[in-house]
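# Commentary on secondary and tertiary structure
If you want the building blocks of each chain, they are given just below.
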Amino acid sequence: MKSVLITGAAGFLGSHLCDRFINEGYRVIGMDNLITGDLKNIEHLFAHESFSFYNHDVSSFIHVPGKLDYILHFASPASPIDYLKIPIQTLKVSSLGTHNLLGLARVKKARILVASTSEVYGNPLEHPQTEEYWGNVNPVGPRGVYDEAKRFQEAMTIAYNRIHNLETRIVRIFNTYGPRMRLNDGRVLPAFIGQALRGEDITIFGDGSQTRSFCFMDDLIEGIYRLLLSDYSLPMNIGNPDEISIKDFAEEIIKLTGTNQKVVFKDLPEGDPEKRRPDISKAKEVLGWEPKVQRSEGLKITYDYFKQLSEEELRKNEHKNFDAYFR
Ligand code: UDP
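Residues numbered from 1 in each chain as written. Predicted model: local features only at pLDDT ≥ 70, side-chain atom pairs only at ≥ 80, totals over all residues. Heavy atoms only, no water.

### What about the overall build of the protein?
Check the secondary structure of the protein and you find 10 helices and 13 strands. Structurally, the protein occupies a C-alpha span of about 55 × 45 × 40 Å along its principal axes. In the protein, which comprises 327 residues, the share counted as buried stands at 57%. Across the protein, every contact between residues at least 6 apart in sequence was considered, and the portion connecting residues at least 24 apart equals 81%. Here the protein displays about 14200 Å² of accessible surface, and carbon together with sulfur accounts for 51% of that area. Each charge class in the protein was averaged separately, 40 positive and 44 negative side chains, and the resulting centres sit 3 Å apart. (Helix = DSSP H or I, 4+ residues; strand = E, 2+ residues; numbered from the N terminus. Buried < 20%, exposed > 50% of the residue type's maximum accessible area, 1.4 Å probe, protein only. Contact = heavy atoms within 4.5 Å. Areas by Shrake-Rupley, 256 points an atom, 1.4 Å probe, with all protein chains shown as cover. Lys, Arg positive; Asp, Glu negative; His and termini not counted. Charge placed at Lys NZ, Arg CZ, Asp CG, Glu CD.)

In structure tokens form, the structure reads like this:
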């Protein structure tokens, strides 16, 4: 039986990865310090004999007994509001945390896949973004703590590959959505759906002309699974190239939810990228992968998930001290 360590196991993507590897017959060791993750995302796995869990911060020395075949590093705050709230933890988890996990991978002779991000491209001057583009990042802007930590993570990972012959994989994840996102993490999709469910106005930041390209999580998980099992060690974009402006996206959510609320425009947060769309030629060629789920289908599944949350979860205000961000 193959063993995999998944960090960020109680988070949105980490928990779906745990499910996938359990279903594929792996022994899964989940790790999370629960700063932004939530045990309810993996509660159903605790009864499974192949699943175990460590409540641990990967920024500190990591010990896992027994053999490990694979490590997937998915621990990190991942929404702009989260990394504004906890910038130092954000920097540490992708730098010190990555270093610890690379060391663990060496000792265990395990293959490691690290979760990178389209944020390494910053506010991109090339469009769509290929893996060869180096990015346009402000290290001291509000997103710098995330972007630079992820850029450092990539540099560190490739150095272990080159110096220690470690088997490494780097996935650059573009905006992804689906069940188990936090309703109040500040990201645009849960923000809009949460506002519709609570009967609040829909808040568009800036004029809404900025674009994003949203990938449904099932597609993303499949891409990551294939990348891990491939022999490709350079960074690989995984995302859905179906690009939409935030204004049009708001219209889609309004139609989907049937809300009567109006759209209100707020200031664009500093450093908010104007456009973002992955070039996925490499994933198509190397992994034979491309996204299959249309936005209309994925949004419906996600909306159904948010609809069944409790009133308490719906009303939870995670960022009441961060109103400046939502001016
Ligand atoms: N956004 C918005 N209203 C909101 C939340 C976000 O208009 O209530 C915008 C945000 O300014 C950004 C886009 O939606 O341009 C996507 O934001 P998100 O935080 O989801 O992630 P990002 O792709 O910016 O990292």
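So that's the structure; there's more coming.
### Topic: the state of the cysteines
One pass over the structure, following the stated rule, counts zero disulfides. Sulfur of C18: no disulfide; nearest cysteine sulfur belongs to C215 and is 19 Å away. C18 gets classed as buried once you look at its relative accessible area, which sits at 0%. With relative accessibility at 0%, the residue C215 sits in the buried group. (Disulfide = S-S within 2.5 Å.)

### So, the environment of K67
Looking at where K67 falls in the secondary structure, it is placed in the loop between β3 (51-55) and β4 (70-73). Using a relative accessible area of 45% as the deciding quantity, one classes K67 as partly exposed.

### Describing the sheet that holds strand β6 (residues 168-173)
On the basis of which strands lie adjacent, the open sheet formed by seven strands has the order β3-β2-β1-β4-β5-β6-β11 and parallel pairing. The sheet is open, and its two borders are formed by β3 and β11 (235-238), each paired with just one other strand. Looking at each pair of strands side by side, their axes are set apart by 20° on average, direction ignored. Pairing analysis gives four bridges linking β6 to β11, with the strands arranged parallel. (Pairing = 2+ DSSP bridges. Axes fitted to C-alpha atoms, helices over the stretch in contact; angles between N-to-C directions.)

### As for the site of the ligand
The environment of the ligand is made up of 17 residues, and the closest members are T203, F205, R212, D272 and R276. Contacts to the ligand include R143, whose side-chain N or O atom sits 2.8 Å from an oxygen atom. In this structure, N175 approaches the ligand through a side-chain N or O atom, which is 2.9 Å from an oxygen atom. Contributing elements (two or more residues each) for the shell around the ligand: α5 (188-198) and β8 (202-205). Here the residues of the shell around the ligand are counted per class, giving seven nonpolar, four polar and six charged. (Near = heavy atom within 4 Å. Polar contact = N/O pair within 3.5 Å; in protein donor to acceptor, adjacent residues only side chain to side chain. Nonpolar A, V, L, I, M, F, W, Y, C, P; charged D, E, K, R; others polar.)

### Quick look at the pattern of salt bridges
Between side chains of opposite charge, pairing is possible as soon as their charged atoms come close. Under the counting rule described, the total for this entry stands at 27 salt bridges. Notably, a salt bridge pairs E132 with K282, separated by 2.5 Å at the nearest N-O pair. Here the residue E132 occupies a position in the loop between β5 (111-117) and α4 (144-164), and K282 occupies one in helix α8 (residues 281-287), the gap between them amounting to 150 residues. A cluster of three or more residues bridged by salt bridges with shared partners is formed by E119, R143, R212, D272 and R276. (Salt bridge = Lys/Arg side-chain N within 4 Å of Asp/Glu carboxyl O.)

### Some points on the packing of helix α7 (residues 246-257) against helix α9 (residues 295-307)
Orientation of α7 relative to α9, taken along the N-to-C sense of each, is 55°, at an axis distance of 11 Å. Here α7 is positioned oblique relative to α9, judged by the angle of their axes. In the crossing of α7 with α9, the sense of the turn from one axis to the other is right-handed. Contacts between α7 and α9 involve F249, E252, I253, L256 and T257 from the first element and R295, L299, K300 and Y303 from the second. (Parallel < 35°, antiparallel > 145°, perpendicular 65-115°, else oblique. Left-handed = near helix turned anticlockwise from the far one by under 90°.)

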